[in-house]
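Residues per chain are reported as follows:
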Amino acid sequence: MTDSKTTSWPTTAWVFGHPARWLAFGLGSGLIRPAPGTWGTLAGWALWAWLAPAGWAAGGAVLLAGFLLGCWACHRTGVELGQPDHGGMVWDEFVGIWLVLWLLPGFFEANWLAQVWAVVLFRFFDILKPYPIRVFDRRLKNGFGCMLDDVLAALFAVAVLALTAWLQPPGLLRGSFF
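Residues numbered from 1 in each chain as written. Predicted model: local features only at pLDDT ≥ 70, side-chain atom pairs only at ≥ 80, totals over all residues. Heavy atoms only, no water.

Novice: Pulling in residues and values, what's your account of the nonpolar core?
Specialist: Most often, soluble globular proteins keep nonpolar side chains buried together rather than apart. Judged by nonpolar contacts, the single largest core of 45 residues is most densely connected at W91, W98 and V100. Elements supplying a minimum of two residues to this core: α1 (12–15), α2 (19–24), α3 (36–51), α4 (56–81), α5 (91–102), α6 (112–128) and α8 (143–167). It is α8 that contributes the most residues to this core, 10 residues altogether. Non-local contacts of W91, meaning those with residues more than four positions away in its chain, are made with L23, A24, G26, L27, G66, G70, C74, W98 and M147. (Core = buried A, V, L, I, M, F, W, Y, C linked by side-chain atoms within 4.5 Å. Buried < 20%, exposed > 50% of the residue type's maximum accessible area, 1.4 Å probe, protein only. Helix = DSSP H or I, 4+ residues; strand = E, 2+ residues; numbered from the N terminus. Contact = heavy atoms within 4.5 Å.)

Below is the structure:
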């Protein structure tokens, strides 16, 4: 498989045939179309809600382990597919949204609107890929590059969330992370 637009999309059996593929395809969420990146982000958000009670330090460890495992899994799977950042490989979205939510103060105190805003901002920057994200996305064609552009998109989202919190009128989203 060299081009997901001209060849068939990977099958469920193929994805679940090796742990690297399963991980790269976001535990299978990358198989959902259309918009596998959005589905991967939503699956990552749900998984983070389950992982987050372990605490801030454990969250950091999960993020680091997730990033390193993602570099390996996305590189290996990308090589097998002949595409370094195949559209169905969404583990990078998992790690990206985890980073946003990890840096979101008081995740469990944050209301649903604040969490949705975090997800929307992350997807916006991940899809748009403003400078310098686009430069890294074009130049780094391996597992690290696949993961890095989503980490940078997450940092852009966090910057907007911080600016939103700073500029917010009192009471607008109180009770959330703001």
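Moving on, there is more to tell.
Novice: Go over the packing of α3 against α5, please, and point to the residues and values.
Specialist: At a minimum axis distance of 8 Å, the contact between α3 and α5 shows a crossing angle of 50 degrees. In terms of orientation, α3 and α5 fall into the oblique class. In terms of crossing hand, the pair formed by α3 and α5 is right-handed. Of the residues in α5, those in contact with G37, G40, T41, A43, G44, W45, L47, W48 and L51 of α3 are E93, F94, I97, W98, L101 and W102. The residue makeup of the contact of α3 with α5, split by class, is 10 nonpolar, 4 polar and 1 charged. (Axes fitted to C-alpha atoms, helices over the stretch in contact; angles between N-to-C directions. Parallel < 35°, antiparallel > 145°, perpendicular 65-115°, else oblique. Left-handed = near helix turned anticlockwise from the far one by under 90°. Nonpolar A, V, L, I, M, F, W, Y, C, P; charged D, E, K, R; others polar.)

Novice: How would you sum up the packing of α6 against α8? Please name residues and give values.
Specialist: The N-to-C vectors of α6 and α8 enclose an angle of 135 degrees; their axes lie 8 Å apart at closest approach. By the criterion of interaxial angle, the relationship of α6 to α8 is oblique. For α6 against α8, the interelement crossing comes out right-handed. For the pair α6 and α8, the contacting residues are W117, A118, L121, F122, F125 and D126 in the first and D149, D150, A153, A154, F156, A157, V160, L161 and T164 in the second.

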